[in-house]
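Results of the structural survey
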Amino acid sequence: MPFNYSYWEQTAFVGYFDVVIIGSGIVGLNAALHLKTTQPQLRVLVLERGFLPSGASTKNAGFACFGTVSEQLALLKHATEDEMVQLVGYKYRGLKRLREKLGDDKIGYEEHGGYELFMDAEKNKAEECISQIDRLNRLLEPVVGESDIYSIADDRIAGFGFKGVSRMIYNKCEGQIHTGRMMRVLLAKVQGRGVLVLNNCAVDKIEPDGEWMNVATQQGNFKAGKVILATNAFAKQLFPNLAVTPGRGQVLVTKPIEGLKLCGTYHFDEGYYYFRNAYGRVLFGGGRNLDFGAEQTTEFGHTDAVKQKLFEYLEQVILPGQKFEIDYWWSGIMGFGDDIKPIIKQVEPRVYCAVRCNGMGIAMGTLVGEEVAELVLNS
Ligand SMILES: Cc1cc2nc3c(=O)[nH]c(=O)nc-3n(C[C@H](O)[C@H](O)[C@H](O)COP(=O)(O)OP(=O)(O)OC[C@H]3O[C@@H](n4cnc5c(N)ncnc54)[C@H](O)[C@@H]3O)c2cc1C
């Protein structure tokens, strides 16, 4: 007995489960919640390798958003209008579902709108985006249920105190959440339904064992009727054929800033940079496009190039002439792919996956988790 598990432990914690979910991010937890809500008798186990969820779900920026004008136009370069509209609709429904399930007050949801900034050197780009506002509003109204989603907001640039910003587009439907609180309330709901969530338990291997799947971990083996892989950026570590490329996001939060003028979520450079107010502070992240190769990693950490660029933007564009100090730095890992849709499918007999939210998992994660749970229930 290498693990010295007692009879009590073996009959209450380890052993046989109908479904084992690998990964306790927003997708894995939503899959667990949906399984137990639909079929309460199922024995469901979530295995998480980190002490906390250790990917993207507790390390993101907390934007409740479905895309800026330039992001939608970038998408239209290789997708049809219908595909773009469907994706926005999916993200918007995902956000609504997240809010309904967990409650706006519990997840710190605030709707101050979102802004896309164009720098002085981006006048042509700004013109092109502004010329498409009416078209996008017309296309997106049926799935968002609001008219005039995007509008020009140049008159607010000075009020926010920005420097070097020439044009700005407002999205009145964008909000923000406290992503840590969101994950805590989700975890509490999952556990409240009777799902066992075990941390510090990395899965090394999954293989068939008679009528069961053997899920091998450093803490011992678990038997599963079915397995859901919800490991997002780390998916290839267990299934090398899955088309998921990791992308690291580096983020900072300042110390509280007196008289902070920012209020809302802000994006620039086609979404490669993003910032927001966060309880009197500024959260700012991005810069992956400075060196895609270096950021295509599953290793947490920082680079001097990104840190320096974020600092420069803060000093020169976002908070010019204001004193600020950085209080927190961290990084998180996203899962990307050429196809902007998540992968939700069966990968092997009795093994299913729900990965690759393409950096938009707050918006999509609830539905992605529910969809894979449905796939398991209906198989
Ligand atoms: C810096 C940053 C900013 C972002 N900002 C936003 C935003 O503003 N809005 C938005 O919509 N999205 C944002 N995202 C994206 C969003 O956070 C992700 O799309 C979403 O969290 C993905 O959820 P997930 O459950 O698929 O993956 P994850 O949250 O990464 O969960 C996967 C889990 O699997 C675990 N795991 C991996 N391998 C194993 C193993 N072998 N055994 C056991 N466990 C394992 C990991 O530890 C991890 O906890 C951001 C992401 C980052 C990194």
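Everything below is about the structure printed above this text.
Not measured: the values here are computed from a predicted model.

1. A look at helix 13 (residues 361–378)
Because each turn of an α-helix spans 3.6 residues, side chains separated by three or four positions end up pointing in the same direction. Helix length check: helix 13, at 18 residues, gives a terminal C-alpha distance of 24 Å against a target of 26 Å (1.5 Å per residue), a fit within 8%. Counting buried positions along helix 13 gives 14 out of 18 residues, so the element sits mostly inside the fold.

2. Thoughts on the nonpolar core
The biggest cluster of nonpolar side chains holds 65 residues, and the ones touching the most others in it are Ile21, Leu35, Met84 and Tyr150. Counting residues in hydrophobic clusters, the runner-up holds 27 residues, among them Phe160, Phe275, Tyr313 and Leu314.

3. Structural notes on the sheet that holds strand 6 (residues 165–171)
The 8 strands are arranged 5-6-4-13-14-15-12-16 in an open sheet whose pairing can be described as mixed. What marks the edges here is a single partner per strand, and that holds for strand 5 (150–152) and strand 16 (326–336). For this sheet, the mean inter-axis angle between neighbouring strands, taken without regard to orientation, is 25 degrees. Across 3 bridges, strand 5 lies against strand 6 in antiparallel orientation. Among the inter-strand pairings, Ile152 is bridged to a residue of strand 6, identified as Ile169. Each of strand 4 (114–119), strand 5 and strand 6 is contacted by helix 6 (residues 123–131), which is oriented at about 25 degrees to strand 6, the strand it contacts most.

4. Examining the pattern of salt bridges
A side chain with one charge may pair with a side chain of the opposite charge, provided their charged atoms come close. Enumeration over the complete set of coordinates arrives at 17 salt bridges. Put simply, Arg43 and Asp18 hold a salt bridge, and the shortest N to O gap is 3.3 Å. With Arg43 in the loop between helix 2 (26–38) and strand 2 (44–47) and Asp18 in strand 1 (residues 16–22), this residue pair connects regions lying 25 residues apart in the sequence. Assessed through its relative accessible area of 39%, Arg43 is described here as partly exposed. Salt-bridge contacts for Glu270 lead to Lys125; the nearest nitrogen and oxygen are separated by 2.9 Å. With a gap of 145 residues between them, Glu270 in the loop between strand 13 (265–268) and strand 14 (273–278) and Lys125 in helix 6 connect regions that are remote in the sequence. When salt bridges that share partners are traced, they join Arg97, Lys101 and Glu370 into one network.

5. Notes on unusual backbone geometry
Even without being a glycine, Glu270 presents a positive backbone phi close to 55 degrees. Residue Glu270 is classed as partly exposed on the basis of its relative accessible area, which comes to 33%. Even without being glycine, Tyr279 reaches a positive phi, approximately 55 degrees. Along the chain, Tyr279 falls in the loop between strand 14 and strand 15 (281–286). Judged by relative accessible area, which is 44%, Tyr279 ranks as partly exposed.

6. Thoughts on the site of the ligand
The environment of the ligand is formed by 38 residues, the closest being Glu48, Ser54, Ser57, Val203 and Gly361. Take Ile26: an N or O atom from its main chain is 3.2 Å from an oxygen atom of the ligand. Between a nitrogen atom of the ligand and a main-chain N or O atom of Val203, the distance comes to 2.9 Å. Contact with the protein chains covers 97% of the free accessible surface of the ligand, which is 1000 Å². Of all the secondary-structure elements, those providing two or more residues to the shell around the ligand are helix 2, strand 12 (245–254), strand 16 and helix 13.

7. Re the packing of aromatic side chains
Counting across every chain of the model gives 23 aromatic pairs. Residues Tyr7 and Trp8 carry aromatic rings whose centres are separated by 5.0 Å and whose planes lie at 75 degrees to one another, so their mutual orientation is edge-to-face. Look at Tyr7 and you get exposed, because its relative accessible area is 57%. Taken together, a centroid distance of 5.7 Å and an interplanar angle of 90 degrees make the contact between Phe162 and Phe275 edge-to-face. Taken together, the residues Phe162 in the loop between helix 8 (157–160) and strand 6 and Phe275 in strand 14 connect sequence positions 113 residues apart. A connected cluster of aromatic rings, assembled from ring pairs, spans Tyr115, Phe160, Phe162, Tyr170, Tyr266, Phe268, Tyr273, Phe275, Phe284 and Tyr313. For Lys307, the ring lying beneath its charged end belongs to Trp329, and the centroid distance is 4.9 Å. The ring of Tyr313 has Lys309 lying over it, and the distance from NZ or CZ to the ring centre is 5.3 Å.

8. Let's talk about the packing of helix 4 (residues 81–102) against helix 7 (residues 133–144)
Remark: helix 4 packs on helix 7, axes separated minimally by 9 Å, with the N-to-C direction vectors making an angle of 45 degrees. With respect to helix 7, the element helix 4 is oriented oblique. For the pair helix 4 and helix 7, the crossing hand works out as right-handed. Across the interface between the two elements, Glu81, Met84, Val85, Val88, Gly89 and Tyr92 from helix 4 touch Arg135, Leu136, Leu139, Leu140, Val143 and Val144 from helix 7. Taken together, the residues that form the contact of helix 4 with helix 7 break down as 9 nonpolar, 1 polar and 2 charged.

Reading guide: rules and limits
- Residues numbered from 1 in each chain as written.
- Predicted model: local features only at pLDDT ≥ 70, side-chain atom pairs only at ≥ 80, totals over all residues.
- Heavy atoms only, no water.
- Helix = DSSP H or I, 4+ residues; strand = E, 2+ residues; numbered from the N terminus.
- Expected span 1.5 Å × (residues − 1).
- Buried < 20%, exposed > 50% of the residue type's maximum accessible area, 1.4 Å probe, protein only.
- Core = buried A, V, L, I, M, F, W, Y, C linked by side-chain atoms within 4.5 Å.
- Pairing = 2+ DSSP bridges.
- Axes fitted to C-alpha atoms, helices over the stretch in contact; angles between N-to-C directions.
- Contact = heavy atoms within 4.5 Å.
- Salt bridge = Lys/Arg side-chain N within 4 Å of Asp/Glu carboxyl O.
- Near = heavy atom within 4 Å.
- Polar contact = N/O pair within 3.5 Å; in protein donor to acceptor, adjacent residues only side chain to side chain.
- Areas by Shrake-Rupley, 256 points an atom, 1.4 Å probe, with all protein chains shown as cover.
- Phe/Tyr/Trp six-rings, centres within 6.5 Å; stacked < 30°, edge-to-face > 60°.
- Lys NZ or Arg CZ within 6 Å of the ring centre and 35° of its normal.
- Parallel < 35°, antiparallel > 145°, perpendicular 65-115°, else oblique.
- Left-handed = near helix turned anticlockwise from the far one by under 90°.
- Nonpolar A, V, L, I, M, F, W, Y, C, P; charged D, E, K, R; others polar.

Geometry only, nothing functional implied.
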